[in-house]
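# Results of the structural survey
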Amino acid sequence: MGLLALGTPLVWDEAKKRADQVRQLGIQQLLEIWNSYRGNERDILLWGDEIEYLVISYDDENKNATLSLRQAEILDALAADEKLRKAGGGVPEINGTTVEFVPSPYECYLVIGLNGMLTVYRKSDPLPTFHPEFGRFMLEATPGAPFSLSWKDLLSVEPNMKLRRTIAKKHMAPHETPITLPAFPRMGRDIFTTPHYPATGSKSRSQFIPDECINPHIRFPTLAANIRSRRGSKVAINMPVFYDVNTPRPFLDPTIDYDRHLFPEDDDVRNGAAKEGHVYMDAMGFGMGSCCLQITFQAKNIGEARRLYDQLCPLGPIMLALSANTPILKGFLVDTDVRWNVISGAVDDRTEEERGLKPLKNNRWKIPKSRYDSVSTYLADDPRLRDEYNDLDLVIDEDIKKRLIDNGMDERLSTHFAHLFIRDPIVIFQETLDEPAEGKADHFENLQSTNWQHMRFKPPPPGGNIGWRVEFRSMEIQLTDFENAAFAIFTVLLTRVILSYDLNLYIPISKVDDNMTRAHIRNAVLDQKFWFRKNLFPPPRMGSRAGSARTSPASTRPVTPIAVEEEYGLFTIDEIMNGTKDRECEFIGLIPLIESYLDTVNVDVITRCELAGYLQLISKRASGELKTGASWIRDFVGNHPEYNKDSQVGDRVNYDLMKMVERLGSEGIAGDGKEQELLGRRG
C-alpha cells in the first residue's frame, strides 16, 4: 500500500503544473535523509512480510462467489477490537500508530493449522496489524513487530500468518472469508461484487469495473483518474487467452461493448485498444486489485542494503515463475501464469509520446517501461558491479542527478533516484504544498512509492529508528500459509547465504528483463530456461588454494575478468534451485547453498527439520514434483464437470474453486488428496 494522506487532491490538469515543485521538494527531503542517516549502523537484520487477502462473499443457495466490498466495515471491526489493540494489533490507519503494547497474561494462542493440527503462537508477541488496500475487497496484514533472524522467529512465520487469517475471518460476516489468491478469477465479469454496482463510474471509466470497487480514501480514486488523464486514454491490458479445444478461433473478447458511448474513452476499443486473441482489461483495478507476497529487509547499514538490492534483483523473475498462481483473468483461462504484466499495464500512465507512438513534443523523454515494472539499474557501491551489467539505455533526469552528486551522493545511487524521478507525481494534496517540507518524507514518498519496481530501495523515514531497507516485490501470493511461509523463509535464508558467502549474482540488467518476460509464459517453471550467473563465488586470494577462504572482493588482488557473456548462461529453475552436475559448468544450486549454510551455524535438529520442510516445498516446485498454484488451478478448472473447454470460467466453477481455495487456506485440505499435488505430504 502506498502513501496515505488526507487533504484536497489536485485533478491532473492542476497536478501537472505542480509536478516539478513536488519533484524538487522530494529531492530536498531525500538529501536530508541521506545526510542524516547514511552513516547509520544497525546490529541485526530485521525483516517482515506483507500478506494481502481477497474478501470473498458466498451465496451458497445459488452457488455463487463474489468479492465483498465491506473492507471499511471489516477494518472498523478490527480497529474496535480492544483485545487486539491492546496486544499490539489492530488497524494503525484508524487506531493511530502510538498504540501501547500490553502483553496478554496468557501463555500462548492455539491456532488450528494444516490437517487440524494445533500450532502454538506466543501471546507475548504483538498481534498482527491490518491495513486498507486499493480494492474495497482487499485487506493487507503484517506481523505486529518485525521478525529477527533467530530460529524462533523463523519458525513463528507460518503460525503468525495463520493467526492473521484467523483474526481476519473472525471479524467478517458469516458468509465472508479471506483467501490468498493473486486475482479474483471473475474480476470484471458480469456480477462479481457484493453489493453489485454497474460499471459507469467517472474515475476509471471502465466497461468492467465500477468505481465502487475502489477504496473510497480520496487518494485511490484520484490515482485511478489521474493515471487515465495523464495517459490520455484508459489503460489497455491485453493478456493472451489460453486456447482450449472449444475456444473460438480467432478469439475476440466477447465481454467488450463496442457500442458504449458513456465517456470519450469508450472510443479506445473502437480504435484498437483490444487485441485479437487476448483478454482485454481497461482499469487500474485489474492490477491494483490483485494480491502478492512482499518481503522487506532492514540491513545493518546502507552498504549492506544496496548490496542486497543488487543481489536479489536477478532472483525476482525466478521467484515470480516459481510462485506462479494467476491462470485466470476476467473469467477466462489465459496463456500466462502470473499477475505482473496486468499490474504493469494497469498503472501505465505514459503518454503516446512517452510510449514512442508519437514524436516527442509535449514530453521530455521516451520511457521504455511502465512505472510498475522490473528494475532498470543496479545501485550498489560494489567493485564487482561491472559497467556492462547496467546495459540498458537508462532514462534519467540529469539535473536531479547533478544536484544529488553535488550534495555528496555517489554516482550509482544518484543515477537510481534520478531515474525514479523522471516520473510525475500522480496524486498531489494541496495542503502538503503549503506546509514546510523539512523533517518529512511525504514529497519524496509521493514519487518513491509510485515507482513499483520488482525491488524497492527504501531510505529510513525521518525522525525514527528504522534503518535502510530493501523490499522484494515479485512473488505471487500463495494459496496457503505454509506456502507463503516457505517462500518468505527461503528468501530470508538466501539473504544470509548471500552475505555470509559473499555471493555474486550479477548478470546484465537486460537479461533480468528477458527473464521477466520468460516468467510470464505458461508453466515457465518447467518449460523455460532463465539467464543466471554460472559462478556465484568470489575469486580466491592470490596464493591460496581455490575455495580455501571466503574473502570480500576488496581483499582480493585484481584478476583479469572474463568476458561478461561468459559469466552467465541459460538454466532451468530446477538447476538454479537444486543444482546440476550434468553441465560443463557444475552449478551447486541455491537450496544446497542454504543447506550448507545451515550446516555451519548453530541450529538444533528440530528446527533444522522444520526448515527442511519449507525448503523441500521450494525444491519440489522447482523440479516439478509439486505443482505451482497456477498449474493446480488449471487442473481443477479443466476437470470440473461444468467447464466446457472453451477457456471460460463460469460462476459455478468459480464458486467451487473459491470453496476449495478457502478450505486449502484454512485447513490445508482439498479432498481426495489433491492438496498433496500442491503441498506434498506434511506431518
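An unreviewed UniProt entry annotates the chain as Glutamate--cysteine ligase originating from Pyronema omphalodes.

Note that His419 resides in helix 15 (residues 411–420). Under the relative-accessibility criterion, His419 is labelled buried at 9%. With near-sequence residues (within four places) excluded, His419 lies in contact with Ser376, Leu394, Val395, Ile396 and Gln453.

Geometrically, a packed helix pair is captured by the angle between its two axes and the distance between the axes. Packing of helix 24 (residues 629–638) against helix 25 (residues 651–667) leaves a shortest axis separation of 10 Å and a crossing angle of 140 degrees. The pairing of helix 24 with helix 25 is recorded here as oblique in orientation. The hand of the helix 24/helix 25 crossing is right-handed. Here Trp632, Ile633, Phe636 and Val637 of helix 24 lie close against helix 25, whose contacting residues are Val653, Asp656, Leu657, Met660 and Leu664.

It is worth spelling out the nonpolar core at this point. Trp47, Leu54, Phe457, Phe490, Phe532, Met577 and Leu590 are the most contacted members of the largest nonpolar core, which totals 197 residues. Top contributing element to this core by residue count: helix 18 (residues 481–501), with 14 residues. For Phe490, the contacting residues outside a window of four places in its chain are Met319, Met577, Leu590, Ile591, Ile594, Leu615 and Ile618. Ala15, Val22, Ile428 and Leu433 belong to the second-largest nonpolar core, a separate cluster that totals six residues.

The next point concerns the side chain of Thr351. Position of Thr351 relative to the elements: it lies in the loop between helix 13 (340–346) and strand 14 (372–373). When residues no more than four places from it in sequence are discounted, the contact partners of Thr351 are Arg230, Arg231 and Asn363.

Rules behind the numbers
- Residues numbered from 1 in each chain as written.
- Predicted model: local features only at pLDDT ≥ 70, side-chain atom pairs only at ≥ 80, totals over all residues.
- Heavy atoms only, no water.
- Helix = DSSP H or I, 4+ residues; strand = E, 2+ residues; numbered from the N terminus.
- Buried < 20%, exposed > 50% of the residue type's maximum accessible area, 1.4 Å probe, protein only.
- Contact = heavy atoms within 4.5 Å.
- Axes fitted to C-alpha atoms, helices over the stretch in contact; angles between N-to-C directions.
- Parallel < 35°, antiparallel > 145°, perpendicular 65-115°, else oblique.
- Left-handed = near helix turned anticlockwise from the far one by under 90°.
- Core = buried A, V, L, I, M, F, W, Y, C linked by side-chain atoms within 4.5 Å.

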